[in-house]
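One-letter residues, chain by chain:
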Amino acid sequence: MSVPVTKPSQDRTTELQSKLYQAAKRDPERRFHALYDKLYLPYVLQAAWQQVRENDGAPGIDGQTLAVIEEQGVEAFLAEIAQALREKRYRPVSVRRVMIPKGDGKQRPLGIPTVRDRVVQAAAKLVLEPIFEADFEGTPSFGFRPGLGQHQALDRVAQNARDGYRWVVDGDIEQFFDTLDHQQLMTALRRRISDGEVLRLIYRWLKAGYQWNGEHHDTDQGSPQGGVISPLLANVYLHEFDQGQAQQKSFVGRLVRFADDFVIQCGTAAHAERALTWARAELTRLGLRLHPEKTRVVQDREGFDFLGFHHRRVRSREAPHRESWGVMRWPGAKACRKYRERVRYLVGPPGRLRAQWKLCLEDLERFLRGWCQYYRHGQSAWVFAKLERYTALRIARNRTRSQPKGKGRKRRTWQETMRVLGAWGKLPRLRVIQHERMPAYRGQAKVEWRAG
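Predicted, not measured: the structure shown is a model, and the values here were computed from it.

> Would you take a moment to explain the overall build of the chain for this structure?
Along its length, the chain carries 18 helices and eleven strands. Judged by the C-alpha coordinates and their principal axes, the chain covers about 80 × 60 × 55 Å. Out of the 452 residues belonging to the chain, those deemed buried represent 48%. Considering only contacts in the chain between residues 6 or more positions apart, those separated by 24 or more positions represent 71%. Just so you have it, the chain exposes about 23,400 Å², and 50% of that area is on carbon and sulfur atoms. A gap of 9 Å separates the mean positions of the 79 positive and 51 negative side-chain charges of the chain.

Here is the structure:
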């Protein structure tokens, strides 16, 4: 007698997502009404747990960590969640708020849900994402979408510049995740979802509030950065903005958006000014506003920053009268400043590097490899050369200042240390790492449920 083979949870979840995606693709007007029972399917919860486990993360307000759950038993943990969802007893708790520093000296609030809430949010995202992706395809949105990422957005910007769109609206939505309107978001969700239980579940996440300094605070607007489902909700909220750019007739331009950052590339200065006026009015209608200091109209010859890169149309050194075909891009000033700050931290003060030489070099190489994987695209060679020299100089100065002292010892200058380290040839170097083979970003891998 043959024994039936049970498919892995990941494969069964992929099949479910594929069916939802195909159904949404076939009928753009369809509203899905039977989704809640999919959230507590064992294989969906197992796939959701795997995603949460891979992303790791800190505990929420209950202090429960991933390690504790694994020690007590993942199956029992998921069974309890499934039962609570099935009996409609599940209620999210408030998120733990922490503040993370921004590059401009300010702080950004980050909301950390409990592991339990993260698993349920991941399950909801697995079910809802294929439905909305059927609508998002072909739009200028690249942020937090399966199979897409920053580099696809950067390539689109470069292509638009090559097509002659030289004037740029460099836009930034001010405090987007903190100010999005709950009612408008629910209206956007209802265009595809008619399952009342799923809508109520999302509404409870939005209204769960946050804990700060031991006190509970209600949330009347916004979706916490750090929530598993928040990026999907953000794209649903701004989908109307993405569609509006293609349907308007006041200017000719191309929009590229990554989360709350966007650029609109136009052919003339007049069209760019109209694009800015349109964007401001459209976002105001959605209850949002443009950041007054980070939004501007500029010609790409002057340069603009987008997704960590500086983009600029440059003149040829051999023929100064001739401009580059499209924009060049390299790591921006802000990215380079953060790079130097991180290198200073990893190398440490005088005395630490010599005592922890191997550990410091391992940490430094790990950072350089990750930084290089993102910024090696484009025309980054000359910036890499400057940063590579800065790294070697920082190491040489540190080692020189921390060299042993004593009678009869010859003190070296940092220039001598630089020559010794250069001859050694084992310092991590950006220009060497950038030519090595690197793994693809996990979020930009092929999306299996799109097939078929």
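Now, onward.
> Even after reading the chapter, I still don't get the side chain of His151, so can you show me in this structure?
Counting through the fold element by element, His151 comes out in helix 7 (residues 150-162). A polar contact of 3.0 Å, which involves the side chain of His151, links it to the backbone oxygen of Tyr374.

> What exactly am I supposed to notice about a positive patch on the surface here?
There is a patch of like positive charges on the surface, built from Lys106, Arg108, Lys294, Lys334, Arg337 and Lys338. The dominant element in the positive patch, judged by the number of residues it contributes, is helix 13 (residues 333-347), at three residues. Summarising the element assignment, Lys106 is placed in the loop between strand 1 (95-101) and strand 2 (107-112).

> I tried to follow the sheet that holds strand 10 (residues 309-312) on my own but got confused; where do I start?
Sheet strands pair via backbone hydrogen bonds, and the direction of the pair is either parallel or antiparallel. As summarised here, the arrangement of the three strands in space is 9-10-11, forming an open sheet in which the pairing is antiparallel. The sheet is open, and its two borders are formed by strand 9 (304-306) and strand 11 (328-331), each paired with just one other strand. Across the sheet, the mean angle from the axis of one strand to that of its neighbour is 35 degrees, orientation sign disregarded. As paired elements, strand 9 and strand 10 share three bridges and run antiparallel to each other. Counted as the bridge partner of Phe306 is Phe309 from strand 10. Contacting strand 9, strand 10 and strand 11, helix 7 crosses the sheet at an angle of about 150 degrees to strand 9.

> What am I meant to see in helix 12 (residues 269-285) here?
A turn of α-helix holds 3.6 residues, and therefore any two residues three or four places apart point the same way. For helix 12, which comprises 17 residues, the first-to-last C-alpha distance of 25 Å matches the rise-based estimate of 24 Å (1.5 Å per residue) to within 8%. Backbone geometry just after helix 12 places Gly287 at a positive phi near 80 degrees.

> What exactly am I supposed to notice about the side chain of Asp300 here?
Along the polypeptide, Asp300 turns up in the loop between strand 8 (296-299) and strand 9. At 2.9 Å, the side chain of Asp300 and the side chain of Arg313 are in polar contact. Each residue touching Asp300, except ones within four places of it in the same chain, is listed here: Ala161, Tyr165, Arg166, Val168, His311, Arg312, Arg313 and Val327.

> Would you explain the packing of aromatic side chains in this entry?
Aromatic ring pairs are reported here in terms of the distance separating the ring centres and the angle at which the planes meet. All chains considered together, the criterion is met by 18 aromatic pairs. Here Trp49 and Phe77 contribute two aromatic rings whose centre-to-centre distance is 6.0 Å and whose plane-to-plane angle is 65 degrees, an arrangement assigned as edge-to-face. With a gap of 28 residues between them, Trp49 in helix 3 (residues 42-55) and Phe77 in helix 5 (residues 74-86) connect regions that are remote in the sequence. The burial state of Trp49 is the same as that of Phe77; both residues are buried. Here Phe144 and Phe258 contribute two aromatic rings whose centre-to-centre distance is 5.8 Å and whose plane-to-plane angle is 45 degrees, an arrangement assigned as tilted. Within this pair, whereas Phe144 is found in the loop between helix 6 (115-136) and helix 7, its partner Phe258 is found in strand 6 (residues 253-258), the two being separated by 114 residues in sequence.

> Sorry if this is basic, but what is going on with the pattern of salt bridges here?
Note on pairing: side chains with opposite charge can pair once their charged atoms come close. Across all of its chains, the model carries 24 salt bridges by this definition. Across the salt bridge formed by Arg289 and Glu174, the nearest N and O atoms sit 2.1 Å from each other. Of this pair, Arg289 sits in the loop between helix 12 and strand 8 while Glu174 sits in the loop between strand 3 (167-172) and helix 8 (176-179); the two residues are 115 residues apart in sequence, bridging distant segments of the chain. Where Arg257 meets Asp242, a salt bridge forms, and the shortest distance between an N and an O atom there is 2.8 Å. Placement of the pair is Arg257 in strand 6 and Asp242 in helix 11 (residues 230-247), with a sequence separation of 15 residues. What emerges from the salt-bridge pattern is a single network uniting Arg191, Glu240, Glu282 and Arg285.

> Is there a simple way to think about the nonpolar core in this case?
Nonpolar side chains in soluble globular proteins generally cluster together in the buried interior. Residues Val119 and Ile264 are the most contacted members of the largest nonpolar core, which totals 80 residues. Here this core gets 13 residues from one element, more than from any other, and that element is helix 6. Those residues in contact with Val119 that sit more than four places away from it in its chain are Leu45, Ala48, Trp49, Val52, Phe77, Leu78 and Ile81. Val157, Val168, Trp357 and Cys372 belong to the second-largest nonpolar core, a separate cluster that totals 44 residues.

Definitions and limits used
Residues numbered from 1 in each chain as written. Predicted model: local features only at pLDDT ≥ 70, side-chain atom pairs only at ≥ 80, totals over all residues. Heavy atoms only, no water. Helix = DSSP H or I, 4+ residues; strand = E, 2+ residues; numbered from the N terminus. Buried < 20%, exposed > 50% of the residue type's maximum accessible area, 1.4 Å probe, protein only. Contact = heavy atoms within 4.5 Å. Areas by Shrake-Rupley, 256 points an atom, 1.4 Å probe, with all protein chains shown as cover. Lys, Arg positive; Asp, Glu negative; His and termini not counted. Charge placed at Lys NZ, Arg CZ, Asp CG, Glu CD. Polar contact = N/O pair within 3.5 Å; in protein donor to acceptor, adjacent residues only side chain to side chain. Patch = residues over 30% accessible without salt bridge, like charges linked within 9 Å, V, L, I, M, F, W, Y side chains within 5 Å. Salt bridge = Lys/Arg side-chain N within 4 Å of Asp/Glu carboxyl O. Pairing = 2+ DSSP bridges. Axes fitted to C-alpha atoms, helices over the stretch in contact; angles between N-to-C directions. Expected span 1.5 Å × (residues − 1). Phe/Tyr/Trp six-rings, centres within 6.5 Å; stacked < 30°, edge-to-face > 60°. Core = buried A, V, L, I, M, F, W, Y, C linked by side-chain atoms within 4.5 Å.

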